[in-house]
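Understanding the architecture of this molecule
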Amino acid sequence: MRRSNKRPWHEPHVPLDEARARGGVRMTRGPGGVPYQVRRIPRGEKNYVCPWCNQAIPVGTAHVVAWATEHLFGADAAIAERRHWHTGCWAAAERTG
Ligand SMILES: [Zn+2]
């Protein structure tokens, strides 16, 4: 018998329209259980390195950019330290907590 998975897979996601109203930014909890804002990037304009897997995110790749909403030096510092993640890596980081 399979053990049930206690992770909250079935939590409702923010409806798309609501995400649009916020400019595509959604709140979530990222690595360390810290509140993050996440924005979808449909098409990257630069090469980035994903902090989760240390692999490149090539130009033109859909991915996400995430930053902690609570930062010792305020919101501007938080945004300055935003990182680009593979969509799948961010999902893994969210699940891991
Ligand atoms: Zn990655």
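Residues numbered from 1 in each chain as written. Predicted model: local features only at pLDDT ≥ 70, side-chain atom pairs only at ≥ 80, totals over all residues. Heavy atoms only, no water.

A few words now on the coordination of the zinc ion. Taken together, Cys-50 (SG), Cys-53 (SG), His-86 (ND1) and Cys-89 (SG) make up the protein donors of the zinc ion, found 2.0 to 2.4 Å from the metal. Because the angles between the four donor atoms bound to the zinc ion fall within 102 to 118 degrees, the donor set is best described as tetrahedral. Positions of the donor residues of the zinc ion, expressed as sequence spacing, correspond to C-x2-C-x32-H-x2-C. With a gap of 36 residues between them, Cys-50 in the loop between strand E3 (48-49) and strand E4 (56-57) and His-86 in the loop between strand E6 (83-85) and helix H3 (87-96) connect regions that are remote in the sequence. For the pair Cys-50 and His-86, one class covers both residues: buried. (Donors = N, O, S within 2.8 Å, 3.2 Å for Na, K, Ca; no water. Tetrahedral: all angles 85-135°; square planar, octahedral: opposite > 155°, others 65-115°. Helix = DSSP H or I, 4+ residues; strand = E, 2+ residues; numbered from the N terminus. Buried < 20%, exposed > 50% of the residue type's maximum accessible area, 1.4 Å probe, protein only.)

Let's shift gears to the sheet that holds strand E2 (residues 35-41). With antiparallel pairing, four strands are arranged side by side in an open sheet as E1-E2-E5-E6. The outermost strands of the open sheet, each flanked by one partner alone, are strand E1 (25-29) and E6. On average, adjacent strands in this sheet sit at an angle of 35 degrees to one another, irrespective of strand direction. Against the sheet, H3 touches E1, E2, strand E5 (63-68) and E6, its axis set at about 40 degrees to E1. (Pairing = 2+ DSSP bridges. Axes fitted to C-alpha atoms, helices over the stretch in contact; angles between N-to-C directions. Contact = heavy atoms within 4.5 Å.)

So, on to the pattern of salt bridges. Here the structure, examined in full by the defined rule, presents one salt bridge. Across the pair Glu-94 and Arg-26 runs a salt bridge whose closest N-O atoms are separated by 3.0 Å. Of this pair, Glu-94 sits in helix H3 while Arg-26 is found in strand E1, placing the two residues 68 residues apart along the sequence. On the basis of relative accessible area, Glu-94 is assigned to the partly exposed category, the value being 25%. Note on Arg-26: relative accessible area 25%, which makes it partly exposed. (Salt bridge = Lys/Arg side-chain N within 4 Å of Asp/Glu carboxyl O.)

Time to look at unusual backbone geometry. If you check the backbone angles, Asn-54 has positive phi at about 60 degrees while not being a glycine. Along the chain, the position of Asn-54 falls in the loop between E3 and E4. For Asn-54, a relative accessible area of 58% translates into the label exposed.

Bringing the pairing of E2 into the picture now. Relative to E2, E1 runs antiparallel, the two being bridged by five bridges. Looking at the pairing, Arg-29 lines up with Pro-35 of E2. Between the antiparallel neighbours E1 and E2 lie five residues, among them Gly-32 with a positive phi of about 80 degrees. Pairing of E2 with E5 involves six bridges; the strand directions are antiparallel. Looking across to E5, one finds that Val-38 is bridged to Ala-66.

Attention now goes to H3. For H3, the full list of buried residues reads Cys-89, Trp-90, Ala-92 and Ala-93. Within H3, the buried residues cover an arc of 160 degrees as seen down the axis, which keeps them to one side. Those residues of H3 that are buried are in contact with E1, E2, E5 and E6. (Arc of directions from axis to C-beta.)

Keep in mind that these numbers describe shape and distance, not what the molecule does.
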